[in-house]
Amino acid sequence: MTCPPRILVLPPRLTASARTLRATALRRGLRIVEATASAVPEGLGSPGWAGWPEGAGPAGSPGDPRRARGTGSAESTGCTGSDGHAVHLHAGPSFADVVAPALGIALLEAPADWLARLPRALTQRDIRAMTIGEAYRLRRPAFVKSPNDKSISALVYADGSRLPGPDAVDPATVVLVSDVMTFSVEYRLHLLDGAVHAAGQYAEAGRLRLGPPDGDALAFGRDVLAAAGETLPSAIVVDVGRDDEGRWAVIEANAAWASGCYSADPDRALETVLRAAGPATALSPHDRDFVR
């Protein structure tokens, strides 16, 4: 049995990194389905999804063989037959949360409190997971961010009163609150199956600066995996950095399906993305605990 090409679904507006992954996927024989700007609000059956190959689309889409009958539920599997397609996704959380369930895609991410549970030796700072309602009581500067998306802007807030208020955010929303730490250089590590699969520098002194991976950054990534690899899904992105005193620390974990590849090897970065957002039916027992 020959498997048909895998499909990579992309959002309407592509970042430079997403365009790199798109080109890499095409070179490797994947089919690309890109949504138009109106496709998401109009639904998966709209003309904005006309790129689906025959028999591969979700229920109601132009590529759905059941569309004429108007029946059937959306389900995506791996290579299960002559017309089976494995569907993957690379997009931001807002797009992914709408599209992935209809396509049977399982989105892998780190637990919301993963960073807060790391030993101090890996973070070099105090980090706590709490509700934003609790964070309103902060009376000191702190770096506050959402654990797995951008719903709360990742910033240093002078105190809790500067955070988005309850009129804008549910007070039960979980945020990560940490001591302020400045990094002189930052690296993105694409982790796959317990190893650093790809890596690259993305910032220096707080400004975008792309470059090759540093040997010490790779070594620190291996230390993180040795200490906490079992607490992560099989495919994830972890950002690490070094401060002015030479201390290495984990900055954050990000979903690989929503992360830029920066200067990392795009082939190896793509492999991480495909695992991080692929058919739910192909999930390993380990990864079932890390589905968004």
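Here the structure is a predicted model, which means the values were calculated and not measured.

J.: An account of the sheet that holds strand E7 (residues 155-157) is requested, with residue identities and associated values reported.
T.: Where strands meet in a sheet, backbone hydrogen bonds hold them as pairs that are either parallel or antiparallel. Ordered by their spatial adjacency, 4 strands build an open sheet running E5-E8-E6-E7, and the pairing between neighbours is antiparallel. Edge positions in the sheet fall to strand E5 (127-131) and E7, since each of these pairs with one other strand and no more. The average undirected angle you get between the axes of adjacent strands in this sheet is 35°. Both strand E6 (residues 142-145) and strand E8 (residues 174-178) contribute to a ladder of 3 bridges, which runs antiparallel. What sits directly across from Lys145, in E8, is Leu176.

J.: Which residues make up the pattern of salt bridges, and what values go with them?
T.: Side-chain pairing between opposite charges can occur once the charged atoms of the two side chains come close. Per the stated rule, a full pass over the model turns up 16 salt bridges. The partner of Asp267 in a salt bridge is Arg28, and the shortest N-O contact between them spans 3.4 Å. You can see Asp267 sitting in helix H8 (residues 266-276) and its partner Arg28 sitting in the loop between helix H1 (16-27) and strand E2 (31-34), a full 239 residues away along the chain. We classify Arg28 as partly exposed; its relative accessible area is 34%. We note a salt bridge from Asp126 to Arg128, for which the minimum N-O separation is 3.2 Å.

J.: A description of the sheet that holds strand E9 (residues 185-192) should follow, citing residues and the corresponding values.
T.: Pairing is antiparallel in the open sheet, where 5 strands are placed in the order E11-E10-E9-E12-E13. Every other strand in the sheet has two partners, leaving strand E11 (207-211) and strand E13 (248-254) as the edge strands with one partner each. Neighbour-to-neighbour, the strand axes of the sheet open up by a mean angle of 30°, direction not taken into account. Note that E9 and strand E10 (residues 195-204) share 8 bridges and pair antiparallel. If you follow Leu191 over to E10, its bridge partner there is Val196. Along the sheet, H8 makes contact with E9, E10 and strand E12 (235-242), crossing E9 at roughly 55°.

Quick notes on the rules
Residues numbered from 1 in each chain as written. Predicted model: local features only at pLDDT ≥ 70, side-chain atom pairs only at ≥ 80, totals over all residues. Heavy atoms only, no water. Pairing = 2+ DSSP bridges. Helix = DSSP H or I, 4+ residues; strand = E, 2+ residues; numbered from the N terminus. Axes fitted to C-alpha atoms, helices over the stretch in contact; angles between N-to-C directions. Salt bridge = Lys/Arg side-chain N within 4 Å of Asp/Glu carboxyl O. Buried < 20%, exposed > 50% of the residue type's maximum accessible area, 1.4 Å probe, protein only. Contact = heavy atoms within 4.5 Å.

These values are about where atoms sit, not about what they do.
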